[in-house]
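Read off the chains here:
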Amino acid sequence: MKFSLSFVTAVVSVALCGTVLAAPALFGATDTEISPRNVAESMLENGVFARAPPRHHLIAVQEAQGRNKMRKVAKKAYNKANPDQPSRQDLKVGRKATWDANKKSPAAKAATKQAAATKRQQRKRTGAPSPGNQPKLPKNVKPTPQQKQDVRNHLEAARQKYEQTQGLPGRGQTVTVGLNSATGREARQSVFNSYVHKKSPIGRQRVPKRFGNHPYSNRHGDRRLRGQRPIPGGGRSFKEFPLIPNSATGWTGQGPVGALRSITYKKGYGAHKSRHAAFIGHDPNRRGTPGDHYLAQITSGKTDMGKFE
């Protein structure tokens with residue numbers, strides 16, 4: 001029996017459509033079950049919908065949040081110190097009027113002409129092309145709607161992990177290892193950033209990275225620590241991330257990492273699985289090796305298990 005090519009194509013198409021329509025039933029999911037929160041939970045647990053956005057998108061969000069916080073603090077301090085100053089809008093209007101007036105002045109026009117002549121002379125010396133002949137680079141390239149949604153899902157998954165984490169200090173507490181210390185807010189920030197960058201590690205060392213939690217040497221200078229682990233009580237999947245004091249954004253992949261670290265890890269499996277956080281750092285005065293880490297002391301203030309700020 002002979003079959004035409006069009007008939008075979010139609011049969012295959014029907015079979016494929018049947019498989020696609022049956023897929024939700026096969027996996028036990030319906031349209032009403034696939035909500036944004038469930039997507040984030042899937043990213044959180046098994047990565048079925050996991051789509052790690054580019055690390056530079058995550059870092060941009062991280063830095064923007066830090067800048068907004070610093071601006072609010074600076075604005076509050078300025079308003080408190082200058083209660084009689086004009087409003088921000090009035091200052092803006094005044095600056096624009098002054099700028100427009102100066103731009104049209106003879107001195108400003110002469111300065112603009114002189115700057116253009118200087119640039120032309122420099123291009124001639126270096127052989128660089130004029131602005132009209134230079135390759136056009138894309139400007140103000142904005143993320144696509146899908147990329148924005150990927151970032152939202154990724155941050156929601158990180159937030160859910162953060163809110164499930166035990167052992168977070170209060171924002172008003174202090175995390176101290178030797179001569180190094182950080183506030184509880186900065187410690188909590190480091191834990192959240194660790195979850196944010198877990199799927200897209202940042203920096204030369206690609207952090208968050210694995211933390212071994214190896215026992216101290218049997219020859220350690222402190223007898224009480226010999227054979228003990230920096231983080232007691234067991235656990236698995238230890239990840240370390242820099243804890244930066246006096247930072248509105250936390251570590252973004254550049255600059256020194258400092259002596260303090262936040263550690264995220266898990267205990268148990270299945271229904272008994274739990275997430276935990278601990279904080280460690282280097283202390284050369286503890287008579288160990290330079291690479292040894294020591295558990296931080298958390299002092300003052302009250303424990304706060306609220307949402308991340």
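Residues numbered from 1 in each chain as written. Predicted model: local features only at pLDDT ≥ 70, side-chain atom pairs only at ≥ 80, totals over all residues. Heavy atoms only, no water.

The subject of this paragraph is the pairing of strand E7 (residues 274-281). E7 sits mainly inside the fold: 8 of its 8 residues count as buried. Residues Ser 274, His 276, Ala 278 and Ile 280 line one face of E7 and the alternating positions Arg 275, Ala 277, Phe 279 and Gly 281 line the opposite face, and both faces are buried. Judged from the 2 bridges that link them, strand E1 (residues 165-166) and E7 form a sheet pairing that is parallel. Within E7, the residue paired with Thr 165 across the bridge is Arg 275. Bridging between strand E6 (residues 260-267) and E7 involves 8 bridges; their strand directions are antiparallel. Paired with Lys 267 across the strands is Ser 274, a residue of E7. Counting the residues between successive antiparallel strands, the hairpin from E6 to E7 contains 6 residues, one of them, Gly 268, with a positive phi of roughly 75 degrees. Pairing geometry for E7 and strand E8 (residues 294-295), over 2 bridges, is antiparallel. Along E8, the bridge assignment pairs Ile 280 with Leu 295. (Buried < 20%, exposed > 50% of the residue type's maximum accessible area, 1.4 Å probe, protein only. Helix = DSSP H or I, 4+ residues; strand = E, 2+ residues; numbered from the N terminus. Pairing = 2+ DSSP bridges.)

Before going further, it helps to spend a moment on the pattern of salt bridges. If you walk through the whole model with that rule in mind, you get 3 salt bridges. A salt bridge links Lys 96 to Asp 100, with the nearest nitrogen and oxygen atoms 3.1 Å apart. Remark: Asp 100 and Lys 96 occur in helix H4 (residues 88-103); sequence separation between them is 4 residues, near one turn of the helix. Taking the relative accessible area as the measure of exposure, Asp 100 reaches 22% and is therefore partly exposed. In this structure, Glu 240 and Arg 261 form a salt bridge, with 3.2 Å as the shortest nitrogen-oxygen distance. On the criterion of sequence distance, the pair formed by Glu 240 in strand E5 (residues 236-242) and Arg 261 in strand E6 is long-range, its members being 21 residues apart. Taking the relative accessible area as the measure of exposure, Glu 240 reaches 10% and is therefore buried. (Salt bridge = Lys/Arg side-chain N within 4 Å of Asp/Glu carboxyl O.)

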